Amino acid sequence: MLTTKQRIWWALGTVAVLLYALFPVAAIFATSFKPSSELTSGTFLPSSPTLSNYESILAGDAQELFLSSLRNSIGISVISTVLASILATLAAYAIARLDFPGKKLVLMTSLAVSIFPVISIVTPLFNLWRTIGLYDTWPGLIIPYMSLTLPISIWTLTAFFRQIPWELEQAAQVDGATTYQAFRRAIVPLAAPGVFTTALIAFFIAWNDFVYGISLTSTSAARPVPAALAFFTGSSQFEEPTGAISAAAVVVTIPVVVLVLLFQRQIVSGLTQGAVKG
Amino acid sequence: MSAITLKNIVKEYGDGYAAVNDVSLEIADGEFVILVGPSGCGKSTLLRMIVGLEDITSGELRIDDDLVNDKAPRDRDLAMVFQNYALYPHLTVFENIAFPLRLTKGALSDDEIDARVRRASTLLELDEHLDRKPANLSGGQRQRVAMGRAIVREARAFLFDEPLSNLDAKLRGQMRTEIARMQRTLGTTTVYVTHDQTEALTLGDRVAVLRRGVLQQVASPRSLYEQPVNLFVAGFIGSPPMNFLPGEVGESSISTPFGELPLTDRLRSAVEGRDIVIVGIRPDAFHDVDESDVPDEAVRFEAEIDVTEWLGSELYAYVPFTSHDDVAAKLEELDRDLDGEGMRTQLVVSLDAMSTLTDGDDATLWFDPASAHVFDPETGDNLTRDAARAEKLDEHGAKARKRAIERARDKAERGDAAVAVPSAG
């Protein structure tokens, strides 16, 4: 149990961390409502809040650039997340449950892949993709994204699957379940939160990527939002597109927040508590 | 309810290690059989083979008359309680108990499932916890939920895999009686694995003692305690364990570190042709000369008490001695088999709690030589085992058992609603 003093320190620390982490977000949020004349005013809050920045990205000049990239980002991230989750679930299930030669190799390889610096692969990949026609296409981004999302998915899911008490599967079988029923009724409900959490992490990795996004695309055919933001321009060459970029940044944050809110109940850990003594 | 027959069951692992070796055992309908032995003796493997979670390398396993060797667990219709309960954490207590019933879609109506679960929960006193999740239950409650899941199915037999080993001592005692009562009430064939000999002796109609995968003896608890077939069973059953003393066979007596055992007819024929034997005497066979009437045939000896332990209901006194080289190796091996540490050789004596003996006292103790067992130091066989007496004890046990079941069924028929559980079928 924490003493009152400890509790106060924890509260202070938490507030400090929250301020440090959320201040930039708040600043971007505030900036997104500023008219272009106020961008350099130096005040935190806009004196006359306006929606013009949102209008410009959703209906105005930047509309085409932003909306197409938003579509690309959502599509590419969702597909690579789904693929990575399915593959990682199967791989992790096998690694956690079965004893097969090369088990360590799979884990080590995926670790090696994940520590390989992205920037060092991007140039060869650029050349390769141009040659085989994957440059500036959805698959051209989905494949490298999976190289980012698969390793971490395999590792987290393996760790998660390892702590599922497999005795439950046996208990279900003794209770009269078929192998499929045992998996479906006893194991899946326990594995689901882990898979959701992993999928969420994978989605954010794909969603936030910038290096692949800007290097392997050239048009709105496949360019994702983080890359597209770099192509925003002001309404004249003397104007910075800061307001529009802020508004876009706020818009792309929304799906992330929605996802976390939607799945936070599934993410609740400790669901396995009580299955076995402990 | 069913009879289970094991015939020459063998479990061999890939490396050729036989975890269970040639075990044959007949479990009668409604019988409560305990598989007991030190860790690694294969008792759990054997149970898992019966339920179908382990493959049988060779041998025959029959439930009633069906050969079930190759049947999947679900087709054997047995209910099992796991050591750590294996409750489904995402389901409420009600759904946990109802789980087996819901697997066969459409077989049972919701009303019927509800009625069955409630009958089981009433029997196990879980009524007020039905809506809770396993994580919020105490160890004893989880244990009862696991039992509820087992009895609700009205399976052909119950299998228990060390169900009480995760509970603390007090709860273990309570649950032990609970299990005994439940089994008596339902009259369902039960196989129960434990390493705890108190559970073995109190619960079992018959107890099967295993050592390194080999069945040593199957007998009623009394017969096991009084007439063990060998050194291992004698050492395993009983707490504190039986004392094993080296005995040199002389002209007219067996000489032990604690007195001379006169060679009566019984002993003479037992030790015939041997120079060295192992004499086994239970701690409760010893008495203090000052506190009891000493019969004529008693063997008396002087002992310096090293340590005493007063337990309220009795007093344990320890007397160290040096073992004979010829039997030391055998006794050390036995100790290892029994999960012991092979510390020192000492005599344990269980005396009346009123005794005033304390550490360092000199005492004169006596024991009745008729209570002594004599074992072959090579094979470990009990040379003084009275087979006729053992049989009588077994018969007595079987009779008591039959009466208990009849009583329980009468009670159930009279409509003792609270205990008249699913059984009937």
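Below you will find a few notes about this structure. (Residues numbered from 1 in each chain as written. Chains lettered and ligands numbered in written order. Predicted model: local features only at pLDDT ≥ 70, side-chain atom pairs only at ≥ 80, totals over all residues.)

1. Regarding the overall build of chain B
For clarity, the threshold we go by: Each helix corresponds to a stretch of at least 4 residues labelled H or I by DSSP, and each strand to a stretch of at least 2 residues labelled E; elements are numbered beginning at the N terminus. All radius of gyration figures rest on C-alpha atoms, and the globule criterion is 2.2 Å times the number of residues raised to 0.38. Exposed residues have 12 or fewer other C-beta atoms within 10 Å of their own C-beta, buried residues have 20 or more, and partly exposed residues fall in between, where C-beta atoms are placed from the backbone. Any two residues are considered in contact once their C-beta atoms, placed from the backbone, lie within 7 Å.
Scanning chain B for helices and strands turns up 12 helices and 21 strands. Against the compact-globule benchmark of 22 Å for 425 residues, chain B has a radius of gyration of 24 Å, which places it among compact chains. When the backbone C-alpha atoms are referred to their principal axes, chain B occupies close to 80 × 50 × 40 Å. Here chain B, with 425 residues, has 45% of them falling under the buried criterion. The contacts of chain B with a sequence gap of at least 6 include a subset with a gap of at least 24, amounting to 72%.

2. Regarding the environment of Asp352 of chain B
All names here are of chain B. Inspection of the secondary structure assignment puts Asp352 in strand S19 (residues 346–352). On the neighbour-count criterion, Asp352 (13 C-beta atoms within 10 Å) is partly exposed. Not counting chain neighbours up to four residues away, the residues in contact with Asp352 comprise Glu291, Glu314 and Leu315.

3. Comments concerning the sheet that holds strand S15 (residues 286–288) of chain B
All names here are of chain B. Inclusion rule: Note on pairing: DSSP must find at least two bridges between two strands before they are called paired. To get an axis, fit a line to the C-alpha atoms, keeping to the stretch in contact for a helix; angles then go from 0 to 180 degrees between the N-to-C directions.
Strands sit in the order S15-S20-S16 across an open sheet of 3 strands; the sheet is antiparallel. Edge positions in the sheet fall to S15 and strand S16 (299–304), since each of these pairs with one other strand and no more. Mean inter-strand twist for the sheet, computed between neighbouring axes without regard to direction, equals 35°. For S15 and strand S20 (residues 362–367), the ladder comprises 3 bridges, and the chain directions are antiparallel.

4. Some words on the sheet that holds strand S17 (residues 307–310) of chain B
Pairing between the strands of a sheet is mediated by backbone hydrogen bonds and can be parallel or antiparallel. Residues and elements named next belong to chain B. Taken in spatial order, the 3 strands make up an open sheet running S17-S18-S19, and their pairing is antiparallel. Edge positions in the open sheet fall to S17 and S19, since each of these has one partner strand only. Neighbour to neighbour, the strand axes of the sheet diverge by 20° on average, direction disregarded. Bridge count for strand S18 (residues 314–320) against S19 is 7 bridges, and the pairing is antiparallel. Its bridge partner being in S19, Leu315 is matched across the sheet by Leu351.

5. Observations regarding the packing of helix H3 (residues 93–103) of chain B against helix H4 (residues 110–123) of chain B
Each pair of packed helices can be described by the angle between their axes along with the distance between the axes. Residues and elements named next belong to chain B. Selection rule: For classification purposes, angles smaller than 35 degrees are called roughly parallel, those larger than 145 roughly antiparallel, those between 65 and 115 roughly perpendicular, and all remaining angles oblique. With the far helix as reference, a near helix turned anticlockwise by less than a right angle produces a left-handed crossing, and one turned clockwise produces a right-handed crossing. Residue classes follow a fixed rule: Ala, Val, Leu, Ile, Met, Phe, Trp, Tyr, Cys and Pro count as nonpolar, while Asp, Glu, Lys and Arg count as charged, and any other residue, Gly among them, counts as polar.
Remark: H3 packs on H4, axes separated minimally by 10 Å, with the N-to-C direction vectors making an angle of 130°. It follows from the interaxial angle that H3 and H4 lie oblique. Crossing of H3 over H4 shows right-handed handedness. Of H4, the residues touching H3 (which contributes Phe94, Ile97, Ala98, Leu101 and Arg102) are Ile113, Arg116, Val117, Ala120 and Ser121. For the contact of H3 with H4, the per-class residue count stands at 7 nonpolar, 1 polar and 2 charged.

6. Overview of the nonpolar core
Test applied: A set of buried residues drawn from Ala, Val, Leu, Ile, Met, Phe, Trp, Tyr and Cys, joined through C-beta atoms within 7 Å, is what defines a nonpolar core.
In terms of nonpolar packing, the biggest core is built from 152 residues, with Leu159, Val191 and Ala208 of chain B touching the most fellow members. Per-element accounting of this core gives the leading share, 12 residues, to helix H8 (residues 179–208) of chain A. Beyond its immediate chain neighbours, meaning those up to four positions away, Leu159 of chain B contacts Leu47, Ile50, Val51, Leu78, Met80 and Val191 of chain B.

7. Re the interface of chain A and chain B
Often the size quoted for an interface is simply the accessible area lost on bringing the parts together. Taken together, the 22 residues of chain A in the interface contact 24 residues of chain B. For the side of chain A that touches chain B, the secondary-structure elements that each account for two or more residues are helix H7 (167–174) and H8 of chain A. For the side of chain A that touches chain B, the leading source of residues is H7 of chain A, giving 6 residues. Partitioning the side of chain A that touches chain B into residue classes produces 11 nonpolar, 8 polar and 3 charged.

8. Topic: helix H1 (residues 4–31) of chain A
All names here are of chain A. This is how the line gets drawn: The span expected for a helix works out to 1.5 Å for each residue beyond the first. For a residue, the bend is simply the angle between two axes, fitted respectively to the seven-residue segment ending there and the seven-residue segment starting there.
A rise of 1.5 Å per residue sets the reference length of H1, with its 28 residues, at 40 Å; its end C-alpha atoms lie 39 Å apart and thus fit the reference within 8%. Along H1, the helix axis deviates most sharply at Leu22, where the bend reaches about 40°; the proline Pro24 sits within four residues downstream. With 1 of its 28 residues buried, H1 lies for the most part at the surface.

9. Description of the environment of Gln197 of chain B
All names here are of chain B. By the secondary structure assignment, Gln197 is in helix H7 (residues 197–203). Placed 159 residues apart in sequence, Gln197 and Pro38 show a C-alpha to C-alpha distance of 9.7 Å. With residues near it in sequence (within four places) discarded, Gln197 still touches Val36, Phe236, Ile237 and Ser239.

10. Topic: unusual backbone geometry
Glycine aside, residues mostly have negative phi, and peptide bonds are mostly found in the trans state. Residues and elements named next belong to chain B. The step from Ser239 to Pro240 runs through a cis peptide bond, and the omega angle for that step is -5°. Even without being a glycine, Asp64 presents a positive backbone phi close to 50°. With respect to the secondary-structure elements, Asp64 resides in the loop between strand S4 (58–63) and strand S5 (66–67). For Asp64, a count of 12 C-beta atoms within 10 Å puts it in the exposed group.

11. Focus on the environment of Pro226 of chain A
All names here are of chain A. Tracing the backbone shows Pro226 in helix H10 (residues 225–228). For Pro226, a count of 20 C-beta atoms within 10 Å translates into the label buried. In this structure, the C-alpha to C-alpha distance between Pro226 and Leu45, residues 181 residues apart in sequence, is 25 Å. Those residues in contact with Pro226 that lie beyond four places of it in its chain are Asn208, Asp209, Phe210 and Gly213.

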